[in-house]
Amino acid sequence: MVREVLQVAVVARMSAGSVPLLQLPAPHPPSRLAEPGQFSGIESTFLALLIFVSAGLFLWRFGPILCTILRSKKAPSFSLSPLGGRVWNFFWEVLCQGKVIRQRPLPGLAHAFVFWGFLAFAVVSLNHLATGFSLGFFPPTSIVGRFYFVFAAVWALLVAISIAGLFVRRFFVRPVWLGEKLSYESGFIALLIFLLMVTYLGAFFVADGSTAAKALWWVHTLSLLVFLPLIPHTKHLHLVLSPVTVFLKNDGFSKIPSLQGDEDFGLVAGKDLTQIISLQTYSCVECGRCTEHCPAANTGKVLNPKEIVLGLRTYLNEFGPASDTALLTESRIASPDNPPAKYLSMKAAFECTTCGSCEYQCPVGIQHLPVIIGLRRGATNTGAWEDSYGTKLFLALEKNGNALGMSSTERDKFVQKQGFPIFDGSQEYCLWLGCMGGYDPKGREIIADFARVMRYLGTSFGVLKKEKCTGDPARRLGNDLVFQTLAESGLKTFEMAKVQKIVAICPHCVRTIATDWREFGVAPEIEHHSEFMARHKDRLPKQTGDSIVYHDPCYLGRYRDIYEEPRAVVAQAGSLVEAPRSHERSFCCGAGGGLVFLGEEQGERVSHVRAEELVSTGADIVGTACPFCNTMFRDAMSAVSEAPPKLLDIAQLTARALPASESQGPQPF
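Predicted model, so just to flag it, every value in this text is computed and none were measured.

Q: Describe the overall build of the protein, with residues and values.
A: Within the protein, the regular secondary structure consists of 27 helices and ten strands. Buried positions account for 55% of the 669 residues belonging to the protein. The contacts in the protein between residues at least 6 apart in sequence include a share of 78% that link residues at least 24 apart. A total of about 28500 Å² of accessible surface is found on the protein, and carbon and sulfur atoms cover 61% of it.

The structure is reproduced here in structure tokens:
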């Protein structure tokens, strides 16, 4: 393509008699349209004035934003360690645009071409402005100049095509998650980028020093200088901030920071927003990826994670980072009388399932979950959030030690009925029952079947004599006092029982014990039962016949990056079928974030949407790896299908093939 362009330029210049036959002309893009001395003193002075005004307007707009970020509260737990991980994230997510391309391949690649093109043009743009003062440092007749100007021309062509495609997508295709309101500023900036590219390419087709060449130079220059001050005023601010955001984002997925002192209640007002949160807030590119994958936003709820971020930005612009004005209100985020992101909604904050899709998808390093949970903390710990279901849950956790509010004697009876040994330190594993495994009837069936699998494998295990909830629902709903009490109690129980290794059927329990409890101490090693069974799959019976569609639990997949282990277990039990949305794109069951305990949902039920997807595959069995998912789909599948498939946990799938002595169903209780 570039060779053809140069050939056309050769023919044009030979016909004009400007070059000898067969002599390849030096490419002269806009940065070298004028040789040294071709700009008058007035033109150079005018250019200097334009550069001064453009840079001044940029700083005038960007300065307050930078001050807001720097004036925000410092994050006490922030550390640059591990530095290697930060460097890798920067390389992969920023320089390689890995996440952008992976999650939306076609538009992602177009965006990547624009980004890479800007990197390629950095030197060209500096050289371009320098030529206006007869200081060009890239002689076009040099080997380096020839190569680089042609190299930049390739990128100019790719950027022009890509920005045109992105313009068509935003203004004509208009995916719903981009929002209903058209951003004409984005359209104008796309035009400026397009002009920068076509004026650069146009330089290859005009004679040096001609009026056309001078006109192209000035159009290119004006496009560049108009573009610069628009950056802080639009979503294109991410060009400046997002590389920093990606590098500085908190280590770990959905990492909830520790509260600092007795006066720290979470995100209550502007003064509680940290520099990292403020930086992420201003980095939002409004691409709508978080909205596209959010189960709440997709089922008619008030919550829209993009509007949460933009709401924080609006708050910071209006009140500043030192304000005592409450972050949350009872109002809806958007209505006909209020533009999106005008304020933050209490209702929206408590509709989040904490599935992590928003944070996983974000291409600019925004970590939504710590912010949303921080808002919940502020509302719960100060008493601003009043919910009868939430109050009932917290009281059940405090009084009974489990989220279902049942007496601990019910768990004792179940343990005795199943003949589970009490962990005494001599067994290899402590089998963690959890609230669902210890009290929910279907959860008990899963535990009983998994215990039979462990016995079949000859693995010694025992259960704790007394066991309390990990505190996961309290943690996700923002009640730090209840969570701390349960976490400290659990750590003490493990220490007294001399537990070394734990296995659990609940991904929520695994995540909470392994990660969230670290705030108060280090728990023993814990793994999910899918990991245990996958490791021993060669010793487990293989079955054929049934087709099984597997549902990825959010807290097993996105939170712990475990996708293949449960699939290996399912493959042993039948023919694996993939759901329309699977792996990291799996759709939530609707139970997470404590929502399973908060009563009816507004709008369409998340569990029904997911159940309909699973049923539509035509599989004989729906396989789960989380007791909460199992609970949510139990009623949902009956609601969406007259003849729903069987619903079984992966432990139950495995137990079906065990010898008769090991495959008897759970004893009735």
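Q: An account of helix 17 (residues 408-418) is needed here, citing residue identities and associated values.
A: Three or more residues of helix 17 are buried, namely Arg411, Asp412, Phe414, Val415 and Gln418. Angular distribution of buried residues about the axis of helix 17 spans 165°; they occupy a single face of the element. For helix 17, the elements touching its buried residues are helix 18 (434-439) and helix 19 (441-456).

Q: Would you mind going over the environment of Asn304 in detail, with residue names and values included?
A: Assignment of secondary structure puts Asn304 in the loop between helix 11 (289-293) and helix 12 (305-319). Counting along the chain gives 54 residues from Asn304 to Cys358, while the straight-line C-alpha distance between them is 9.6 Å. A distance of 3.0 Å separates the side chain of Asn304 from the backbone nitrogen of Lys306, its partner in a polar contact.

Q: I'd like a rundown of the sheet that holds strand 10 (residues 646-649), residues and numbers included.
A: Taken in spatial order, the four strands line up as 8-7-9-10 in an open sheet, and their pairing is parallel. Among the strands making up the open sheet, the edge pair consists of strand 8 (575-578) and strand 10. Direction aside, neighbouring strands of the sheet carry axes that sit 35° apart on average. Two strands pair when backbone bridges link them, and strand 7 (residues 547-550) and strand 8 are joined in this way by four bridges, in the parallel orientation.

Q: Go over the pattern of salt bridges, please, and point to the residues and values.
A: Within this structure, the stated rule accounts for 28 salt bridges. Of the charged contacts, one joins Arg535 and Glu527 as a salt bridge, the two residues approaching to 2.8 Å between their closest N and O atoms. By relative accessible area, which is 47% here, Arg535 ends up partly exposed. The structure contains a network of salt bridges with shared partners spanning Arg377, Asp472, Arg475, Arg476, Asp480, Arg511, Asp516 and Glu519.

Q: Before we move on, can you summarise the packing of helix 25 (residues 606-616) against helix 26 (residues 627-640) with the specific residues and values?
A: At their nearest, the axes of helix 25 and helix 26 sit 8 Å apart, and the two run at 65° to each other. Regarding the angle of helix 25 to helix 26, the classification is roughly perpendicular. Between helix 25 and helix 26 lies a crossing whose hand is right-handed. Residue-level inspection shows Ser607, His608, Arg610, Ala611, Glu612, Leu614 and Val615 of helix 25 in contact with helix 26, the latter providing Met632, Phe633, Ala636, Met637, Ala639 and Val640.

Q: Which residues make up the packing of aromatic side chains, and what values do they have?
A: According to the stated counting rule, one finds 30 aromatic pairs in the structure shown. For the pair Trp385 and Phe394, a centre-to-centre distance of 6.4 Å together with 70° between the ring planes defines the contact as edge-to-face. Considered together, Trp385 and Phe394 belong to a single accessibility category, that of buried residues. Both rings, one in Phe414 and one in Phe420, keep their centres 5.8 Å apart while their planes meet at 85°; by these two values the pair is edge-to-face. Like Phe414, the residue Phe420 is buried in the burial classification.

Q: Go over the environment of Ser530, please, and point to the residues and values.
A: Inspection of the secondary structure assignment puts Ser530 in helix 23 (residues 529-535). Within the local environment of Ser530, its side chain forms a polar contact with the side chain of His528, the two groups lying 2.8 Å apart.

Q: Which residues make up the pairing of strand 3 (residues 429-432), and what values do they have?
A: The alternating pattern of strand 3 places Tyr429 and Leu431 and Cys430 and Trp432 on opposite faces, both of which are buried. By the bridge criterion, two bridges tie strand 3 to strand 4 (residues 461-462) in an arrangement that is parallel. By the bridge assignment for strand 4, Tyr429 is matched with Phe461. Judged from the three bridges that link them, strand 3 and strand 5 (residues 501-504) form a sheet pairing that is parallel. Across the sheet, Cys430 pairs through a bridge with Ile502, a residue of strand 5.

Q: If you had to explain the packing of helix 12 against helix 15 (residues 368-381) to someone new, which residues and values would you point to?
A: Pairs of packed helices are described in terms of their axes, by the angle between the two and the distance that separates them. Where helix 12 contacts helix 15, the axes come no closer than 11 Å and their chain directions differ by 70°. Here helix 12 is positioned roughly perpendicular relative to helix 15, judged by the angle of their axes. For the pair helix 12 and helix 15, contact is made by Pro305, Ile308, Val309 and Leu312 and by His368, Val371, Ile372 and Leu375, respectively. Its residues assigned to classes, the contact of helix 12 with helix 15 shows seven nonpolar, one polar and no charged.

Q: Before we move on, could you go through helix 10 (residues 275-283) and cite the residues and values that matter?
A: Here helix 10 lies mainly inside the structure; eight of its nine residues are buried. The inward-facing, buried residues of helix 10 contact helix 2 (41-71), helix 9 (238-248), helix 12 and helix 15.

Q: Tell me about the pairing of strand 7, and name the residues and values.
A: Residues Ser547 and Val549 of strand 7 are buried on one face, and the alternating residues Ile548 and Tyr550, pointing to the opposite face, are buried as well. As for the winding sense of the linkage, the β-α-β connection from strand 7 through helix 24 (residues 564-573) to strand 8 is right-handed. Here strand 7 runs beside strand 9 (residues 621-624); their pairing, made up of three bridges, is parallel. Paired with Ile548 across the bridge in strand 9 is Ile621.

Cut-offs and rules
- Residues numbered from 1 in each chain as written.
- Predicted model: local features only at pLDDT ≥ 70, side-chain atom pairs only at ≥ 80, totals over all residues.
- Heavy atoms only, no water.
- Helix = DSSP H or I, 4+ residues; strand = E, 2+ residues; numbered from the N terminus.
- Buried < 20%, exposed > 50% of the residue type's maximum accessible area, 1.4 Å probe, protein only.
- Contact = heavy atoms within 4.5 Å.
- Areas by Shrake-Rupley, 256 points an atom, 1.4 Å probe, with all protein chains shown as cover.
- Arc of directions from axis to C-beta.
- Polar contact = N/O pair within 3.5 Å; in protein donor to acceptor, adjacent residues only side chain to side chain.
- Pairing = 2+ DSSP bridges.
- Axes fitted to C-alpha atoms, helices over the stretch in contact; angles between N-to-C directions.
- Salt bridge = Lys/Arg side-chain N within 4 Å of Asp/Glu carboxyl O.
- Parallel < 35°, antiparallel > 145°, perpendicular 65-115°, else oblique.
- Left-handed = near helix turned anticlockwise from the far one by under 90°.
- Phe/Tyr/Trp six-rings, centres within 6.5 Å; stacked < 30°, edge-to-face > 60°.
- Nonpolar A, V, L, I, M, F, W, Y, C, P; charged D, E, K, R; others polar.
- Right-handed = clockwise from strand over helix to strand, strands pointing away.

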